[in-house]
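Below are the chains, spelled out letter by letter.
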Amino acid sequence: MSSLTIRQRLDRLDVRVAELDCWRDRESVAVDGWRLDGEPIALGAFWPDREGVHRFEAEATAPEHWPLEDVELQLDLGGESLVALVPEDGEAKHFGVDPYHQQFPVPAPKFRIESESVARLPFGEPVPEPRLNKARLAWIDRPVHDLVLLLRQVSEAARTLGETHEAVLPMLKAAERCFAALDWPSATADYVSRTAHRPMQRQIWRLPELKDAPDALRQDHRASVSEAHATLTAELAALRERFPQTGRIAITGHAHIDLAWLWPYAETRRKARRTFHTALRLMERFPDYIFNQSTAAYYAQLEEDDPELLASIKQRVAEGRWETIGGMWVEPDTNMPTGESFVRQILYGQRYFRRTFGVEHRVCWLPDCFGFSPALPQLLRQGGMDSFFTIKVNWSETNKFPHDLFWWEGLDGSKVLAHTFDNPVRGYNGSVEPRATIETWRNFRGKAHHDESLLAVGYGDGGGGTTPEMLERQAQLADFPAVPQLRPARVEDFFARAHETAKTAELPVWLGEIYLELHRATLTTQSHTKKRHREAERALITAETVSSLGVLLGAPKPASLEPAWRQTLKNEFHDILPGSGIREIYEDAERELEEARDAGLARQREAMDALGELLPAGEGGAVVVVNPSLADRPIRFQSPDGRPVAAKGTVPPLGLAVLRQADLAPADGLSASERVLENRHIRVEIAEDGTLRSVVHKATGREALAGPGNRLVAYPMDKPRNWDAWDVEDDYEAKGVEAGEIVRFELVENGPHRAAIRIERRFRDSTITQHYSLAANGRRLDIETELDWHDRRVLLRALFPLAVRSDFATFECAFGVVRRATHVNTSWDAARFEVPAHRFADLSEPGFGVALLNDGKYGHSARGDTLGLSLVRSPIYPDPLADEGRQRFTYSILPHRGDWIEGGVREEAEDLNQPLLAAAASGCAPCTYAPVRLDGHAVGLAGLKPAEDTDDLILRVYEPAGGRGSLTVETDGWRVAEEVDILERPLGAARSDIRPFEVRSLRLAKG
């Protein structure tokens, strides 16, 4: 009987295993003769330059007496690399090299080594002094290697199961008997040399002279190792009969690769190749290994970067061992993109996977996103996906998300089967080791309904993926007692089993948005990029709409805007759009989003010109005005010569009007002074400090404000504990200062179509310029804002205390709205102190309400009677200059009768984000015409676009408010041919109604 505790005996075991590992390499030889970018470089030497991509090359030859299957190349070039091992005769083998992948099988006794290397670590960290650290061939003692790993797993399993678990002591005794059975060498010179690198030995003042090549184990020693390994394996298997394995884990190989984050996109392209080659090499060594990889964009980029690699992946996909997954173009943020962007993520993603690999996906794979829109379940179902996976819900700091296998029900009632796992060992970048598998199973609350949880294994975020050791561990753990049973699995197969369970089990249901109680600042950080993204989305949707109106009138089908959409979708990635990346990716993103926006604007101009040629002939000059929405719009636009127009009358939904100059007379009632703006709808009074003193809604006589409106407050307490670009703390309001001294206050525009007052403020090193702007026919007050921002670690917000009482506020989301509490009754309510919204947030009581609109902001708050909008914040990590400099945006206050629906809030938000289009025309007769007419329940327009594979058109609408009613569509010379899903697959004859928050797509065909 031992006098030691179990913990002490495990510590002793760990020390002995570490020493045993010193005999893993039987022999080794250095690989020298290296060249870096064509110039000689010695082992241990520094790179001459750490920037850019560098190329190493050398030749390696293993000693003739080494068996090839036991030869290993050990390589550390000083950063991340894609290395090719090229035999004299045969196919090159490629591997990714990073801190977790540095040991590789060799293709032949003699081979050439070529690399493409960067002096960066997986998370983008620069290697301060990159050097050629290690390059050697080693003859591996396989019995030692296997026994060391097995003993480590015994120790790890015992520690994780806990000292009181009945299987732990028998496992420990078996490991101790294993050690006692070893016949181990003891020759002084070899022993001291073998163990010299151990931490304890390295603390010695001066070591004795060491042997360059200490002896390996003799054959009799090695035989004792092999026998000990076999005996321990058998004893563990016997213990498994006494203490059966508990639970089941489905193992999927994985390598989360952030499309751009702490490195630019050009580096991501290299990371993907490194990671994918590593996965393919593992498949050659481990026949049961299955790897999953999402993101159609990665495979599309391989068509340019490495077609041979893509061909190899296709072969493994056909075998079922490489699982493409996710069904989307990228893994996008799901708080900020518009509903149509989600549609295009799925449409272009699924079409690419079907075209390239012959598969469509059933599982949406979004492990790392910062909260999830309630619009997603419906869109996933329409896009062929009935399952959803994420991890991030486990990151909420205040309230633990209550489910890990559940039905997620969206706004419209659509459901997808959702799963998340809680792995304490790097989350979705998991490992196959006892702590990861045992605790993932322990944490799985869904075990009450289902017998298996998923676990994704492989280093990630910066790519890399699964290691050989992880797969060796998986094989060994099959014989262990008390641990979960492990099986390699395709993710879709895991969900298929879970769906079978769900047919009879009463799984919990989560209704609505999945709000992450963390990373709330991603709604605001890098707001200039967010604005560009909003512009690109709107430009592309509108371009397709106007072009399609032309097609309805006889114009030819336009070329697809998919390339511009792909650029936009790429920049919706969950570390680009949220603002959590380095400066370089925002330089790329803003350029690409501007290109996409400009492509949309150019198409709009072409379409407007084409419309002018299709209209009835007339005499004289005119303006063609197009309404690209499904609501009547007041005649308000920027004229072709740049002047504002706010006239009487309206333009019909999806309609156009040819207007003469006489039709453009300003609406009556606009007046302005230095402090007051007024028209027939509202009266606005501005205080001396630049805030809004009063906003009166004339139709009801109601004052909208309960205090100074548009109060700009700067919060220098915006200094989060962690995750600087990601987080805003709940105490940021502890110190708020009025944002700036007024340096200019003047009436700058006084009709007849628009009036505006300019106010310029100076805050510390930044300038805030705002125009309070009121159109002659406007129902809202626009606050056109230009920031010249030069301050760090400050959050700027606009606050509007309202003369409205309600216990909830309404926020627009993709294809609908979300209602959230204005109080803090529960911890769930209190945690929502900063929340996402798209184009509006509204606070209403019976008979009256006030909305806050915007054209590119997402971070909102609603506390008591106050609506708040986050305008800019300026973290210093990972981009020290986030949102430095100039940016422009507009937000608006809209008082209205009734609730947000009766008050036309969504329609006004559409008008702010996408004004009427106007183009000069000559020879067109005055007319008003609507090629598409919808009758019945009020719906929103998602898009009107050319069909992907035919000359038809796709009209997509959505119910925006949670109501239901009839809906019919009329066209001239066209017909509603059928209902389709978002992949444009037929669903049958079109219905004549629409249901709450439903998204419907109709195929319009000629005839």
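In this convention, every chain numbers its residues from 1, walking through the sequence in written order. With the structure being a predicted model, the display of local features is reserved for residues of pLDDT at least 70 and the display and counting of side-chain atom pairs for 80 or more, all residues being used for whole-chain, interface and lining totals. No hydrogens and no water enter the side-chain calculation; it runs on all heavy atoms of the structure.

- Where an unreviewed UniProt entry is consulted, the protein appears under the name Alpha-mannosidase, with the organism given as Plantimonas leprariae.
- UniProt positions are given in the numbering used here, feature names are shortened, and annotations may be inferred rather than shown by experiment. According to the UniProt record, the Sequence similarities (unreviewed entry) comment for the protein reads "Belongs to the glycosyl hydrolase 38 family."

Section: the overall build of the protein
Step number 1: When you go through the protein residue by residue, the secondary structure sums to 18 helices and 54 strands.
Step number 2: The reference for a compact globule is 2.2 Å times residues^0.38; the radius of gyration itself is calculated from the C-alpha atoms. In summary, the protein has a C-alpha radius of gyration of 33 Å against a globular reference of 30 Å for 1007 residues, a match within 12%.
Step number 3: Buried means the residue's accessible area, taken with a 1.4 Å probe over protein chains only, is under 20% of the maximum for its type, while exposed means over 50%, and partly exposed covers the values in between. Sorting the 1007 residues of the protein into buried and exposed places 61% on the buried side.
Step number 4: Throughout, a residue-residue contact means that at least one pair of heavy atoms, one from each residue, lies within 4.5 Å. If you take every contact in the protein between residues at least 6 apart in sequence, the share linking residues at least 24 apart comes to 75%.
Step number 5: For the area figures, the Shrake-Rupley method with a 1.4 Å probe applies, and any residue is considered shielded solely by the protein chains shown. With the model as given, the accessible surface of the protein reaches about 37300 Å², and the carbon-plus-sulfur share is 48%.
Step number 6: Each charge sign in the protein was given a centre, from 123 positive and 155 negative side chains, and these centres are 2 Å apart. Runs of E in the DSSP output that reach at least two residues are strands. Runs of H or I that reach at least four are helices, and both are numbered from the N terminus. Positive: Lys, Arg. Negative: Asp, Glu. His and the chain ends are not part of the count. For the purpose of locating charges, the reference atoms are NZ of Lys, CZ of Arg, CG of Asp and CD of Glu.

Here we look at the side chain of Gln-604
Step number 1: By the secondary structure assignment, Gln-604 is in helix 16 (residues 583–614).
Step number 2: Every residue in contact with Gln-604, bar those within four places of it in the chain, is listed here: Arg-538, Ala-539, Thr-542, Ala-543 and Leu-917.

Overview of the UniProt feature "domain: Glycoside hydrolase family 38 central" (unreviewed entry) in the protein
Step number 1: UniProt annotation of "domain: Glycoside hydrolase family 38 central" (unreviewed entry) refers to residues 517–593 when read in the numbering used here.
Step number 2: For residues 517–593, helix accounts for 60% and strand for 0%, while the C-alpha atoms at its two ends are 29 Å apart.

What about the pairing of strand 16 (residues 405–409)?
Step number 1: With four of five residues buried, strand 16 lies mostly within the body of the structure.
Step number 2: Each pair of strands is called paired provided DSSP finds at least two bridges between the two strands. Hairpin connection of strand 16 to strand 17 (residues 415–419): five residues between the antiparallel strands, including Gly-413 at a positive phi of 100°.
Step number 3: Sheet topology places strand 16 next to strand 20 (residues 509–511); three bridges connect them, and they run parallel. When the bridges of strand 20 are listed, Glu-409 appears paired with Leu-511.

Some words on the packing of helix 1 (residues 6–20) against helix 3 (residues 168–180)
Step number 1: To obtain an axis, a line is fitted to C-alpha atoms, over the contacting stretch when the element is a helix, and the angle between two such axes runs from 0 to 180 degrees between their N-to-C directions. Between helix 1 and helix 3, whose axes approach to 11 Å, the crossing angle comes to 35°. Of the two possible hands of crossing, helix 1 and helix 3 adopt the one that is left-handed. Between helix 1, through Ile-6, Arg-9, Leu-10, Arg-12, Leu-13, Arg-16, Val-17 and Leu-20, and helix 3, the contact on the second element is made entirely by Val-168, Leu-169, Leu-172, Lys-173, Ala-175, Glu-176 and Phe-179.
Step number 2: Taken together, the residues that form the contact of helix 1 with helix 3 break down as 10 nonpolar, no polar and five charged. Helix crossings are classified by the rotation of the near helix relative to the far one: an anticlockwise turn of less than a right angle makes the crossing left-handed, while a clockwise turn makes it right-handed. Under the scheme applied here, ten amino acids are nonpolar (Ala, Val, Leu, Ile, Met, Phe, Trp, Tyr, Cys and Pro), four are charged (Asp, Glu, Lys and Arg), and all others, including Gly, are polar.

Details of the nonpolar core
Step number 1: Counting residues in hydrophobic clusters, the biggest one holds 86 residues, and the most contacted among them are Phe-276, Ile-313, Trp-322, Trp-329, Phe-372, Phe-388 and Trp-408.
Step number 2: By nonpolar core we mean a set of buried residues, namely Ala, Val, Leu, Ile, Met, Phe, Trp, Tyr and Cys, connected to one another through side-chain atoms within 4.5 Å. Counting 68 residues, the second-largest nonpolar core is a separate cluster that includes Val-17, Ala-174, Phe-444 and Leu-454.

Digging into the pattern of salt bridges
Step number 1: For this analysis, a salt bridge means a side-chain nitrogen from Lys or Arg found within 4 Å of a carboxyl oxygen belonging to Asp or Glu. Across all of its chains, the model carries 111 salt bridges by this definition.
Step number 2: The partner of Arg-269 in a salt bridge is Glu-304, and the shortest N-O contact between them spans 3.2 Å. Residue Arg-269 is found in helix 6 (residues 265–285), and its partner Glu-304 is found in helix 7 (residues 296–305); the two are separated by 35 residues along the sequence.
Step number 3: Across the pair Asp-972 and Arg-933 runs a salt bridge, and its minimum N-O distance is 2.9 Å. Of the two residues, Asp-972 is situated in the loop between strand 50 (965–971) and strand 51 (974–980) and Arg-933 in strand 47 (residues 932–936); the sequence distance between them amounts to 39 residues.
Step number 4: Here Arg-933 falls in the partly exposed class, since its relative accessible area comes to 28%.
Step number 5: Salt bridges here are not isolated pairs; linked through shared partners, they connect Lys-531, Arg-532, Glu-535, Glu-594, Arg-597, Asp-598 and Asp-855.

Quick look at helix 9 (residues 339–357)
Step number 1: Expected span of a helix: the number of residues minus one, times 1.5 Å. With 19 residues, helix 9 extends 27 Å from end C-alpha to end C-alpha; this agrees with the ideal 27 Å at 1.5 Å per step.
Step number 2: Most of helix 9 sits out of view: 17 of its 19 residues are buried.
Step number 3: Taken from the residues just after helix 9, Gly-358 is the one with a positive phi, measuring 75°.

Considering the domain arrangement of the protein
Step number 1: Structurally, the protein comprises domain 1 (6–22 + 145–242), domain 2 (25–140), domain 3 (254–518), domain 4 (521–614) and domain 5 (671–899).
Step number 2: Between domain 3 and domain 4, the contact holds 30 residues from the first and 25 residues from the second.
Step number 3: Taken over both partners, the interface formed by domain 3 and domain 4 buries close to 2400 Å², and the fraction arising from carbon and sulfur atoms is 65%.
Step number 4: Joining domain 3 to domain 4, the criterion identifies one salt bridge.
Step number 5: The partner of Glu-544 in a salt bridge is Arg-344, with the nearest N and O atoms 2.6 Å apart. Residue ranges assigned to each domain were obtained from an automatic or database domain assignment. Joining two parts hides part of their accessible area as seen by a 1.4 Å probe, and the buried area is that hidden amount summed over both.

A few points about the packing of helix 7 against helix 8 (residues 307–319)
Step number 1: Close contact between helix 7 and helix 8 brings their axes to 6 Å; oriented N to C, the two are set at 135°. The pairing of helix 7 with helix 8 is recorded here as oblique in orientation. Contact with helix 7, carried on its side by Tyr-299, Leu-302, Glu-303, Glu-304 and Asp-305, involves Pro-307, Leu-309, Leu-310 and Ile-313 of helix 8 and no other residues of that element.
Step number 2: For the contact of helix 7 with helix 8, the per-class residue count stands at six nonpolar, no polar and three charged. Geometric relationships in this document are graded by angle, where less than 35 degrees denotes roughly parallel, more than 145 denotes roughly antiparallel, 65 to 115 denotes roughly perpendicular, and other angles denote oblique.

Considerations on the side chain of Ser-431
Step number 1: Here Ser-431 lies in the loop between strand 17 and helix 11 (434–443).
Step number 2: Residue classification places Ser-431 among the buried positions, given a relative accessible area of 5%.
Step number 3: Once you skip the residues sitting within four places of it in the chain, Ser-431 turns out to touch Asn-423, Val-425, Arg-426, Ala-436, Leu-455, Val-457 and Met-470.

Observations regarding the sheet that holds strand 35 (residues 781–789)
Consider a sheet: its strands pair through backbone hydrogen bonds, and that pairing is either parallel or antiparallel.
Step number 1: Strand order in the open sheet formed by nine strands is 32-33-34-35-44-41-40-37-38, with antiparallel pairing between adjacent strands. Two strands close off the open sheet at either side, each with one partner strand: strand 32 (741–750) and strand 38 (816–821). Going from strand to strand, the sheet's axes swing by 20° on average, the running direction of each strand aside.
Step number 2: The sheet strands contacting helix 14 (residues 527–552) are strand 41 (848–854) and strand 44 (885–897), and the helix crosses strand 44 at an angle near 65°.
Step number 3: On top of the sheet, helix 18 (residues 905–913) reaches strand 35, strand 37 (808–813), strand 40 (840–845), strand 41 and strand 44; it is set at about 25° to strand 41, its chief contact.

Here's the deal with the environment of Gln-887
Step number 1: For Gln-887, the position within the fold is in strand 44.
Step number 2: The spacing of Gln-887 and Trp-789 is 98 residues in sequence and 8.3 Å in space, taken between C-alpha atoms.
Step number 3: Looking at Gln-887, its side chain comes within polar contact range of the side chain of Ser-527, at 2.9 Å.
Step number 4: Polar contacts, as used here, are pairs of N or O atoms within 3.5 Å; protein pairs need one atom able to donate a hydrogen and one able to accept it. Residues neighboring in sequence count only if both atoms are side-chain atoms. Within the structure, Gln-887 has its side chain in polar contact with the side chain of Asp-883 (distance 3.2 Å).

Concerning the packing of aromatic side chains
Step number 1: Each pair of aromatic rings taken from Phe, Tyr and Trp, with Trp reduced to its six-membered ring, is defined by centres within 6.5 Å and is described as stacked if the planes are under 30 degrees apart, edge-to-face if over 60, and tilted in the remaining cases. All chains considered together, the criterion is met by 38 aromatic pairs.
Step number 2: Aromatic side chains Trp-510 and Trp-828 sit 6.1 Å apart centroid to centroid with 40° between the ring planes, which places their arrangement in the tilted category. Of this pair, Trp-510 sits in strand 20 while Trp-828 sits in helix 17 (residues 827–831); the two residues are 318 residues apart in sequence, bridging distant segments of the chain.
Step number 3: Centre to centre, the rings of Trp-723 and Trp-726 are 5.0 Å apart; their planes meet at 75°, and the pair counts as edge-to-face.
Step number 4: One aromatic cluster is present, built from ring pairs that chain together Phe-276, Tyr-289, Phe-291, Tyr-299, Trp-322, Trp-329, Tyr-352, Phe-353 and Phe-357.
Step number 5: Placement of a charge over a ring requires the Lys NZ or Arg CZ to be within 6 Å of the ring centre, with the centre-to-atom vector within 35 degrees of the ring normal. Positioned above the aromatic ring of Trp-139 is the side chain of Arg-26, whose terminal nitrogen or guanidinium carbon lies 3.8 Å from the ring centre.
Step number 6: It is Lys-447 that lies over the ring of Trp-441; its NZ or CZ is 5.2 Å from the centre.

Some points on the sheet that holds strand 36 (residues 795–801)
Step number 1: With antiparallel pairing, the six strands of this open sheet are ordered in space as 31-30-36-43-42-39. This sheet does not close on itself; its edge strands, each paired only once, are strand 31 (737–738) and strand 39 (835–836).

Here's the deal with unusual backbone geometry
Step number 1: Across the junction of Gly-751 and Pro-752, the peptide omega takes the value 5°, indicating a cis bond.
Step number 2: Looking at where Pro-752 falls in the secondary structure, it is placed in the loop between strand 32 and strand 33 (754–763).
Step number 3: In this chain, Tyr-877 is followed by Pro-878 through a cis amide linkage whose omega measures 0°.
Step number 4: Tracing the sequence through the fold places Pro-878 in the loop between strand 43 (866–873) and strand 44.
Step number 5: Phi angles above zero are rare outside glycine, and Asp-883 is one such case at about 60°.
Step number 6: With respect to the element layout, Asp-883 can be found in the loop between strand 43 and strand 44.
Step number 7: Even without being a glycine, Phe-997 presents a positive backbone phi close to 60°.
Step number 8: The topology assignment puts Phe-997 in the loop between strand 53 (993–994) and strand 54 (999–1006).
Step number 9: A residue is classified by how much of its surface remains accessible, and Phe-997, at 11% relative accessible area, is buried.

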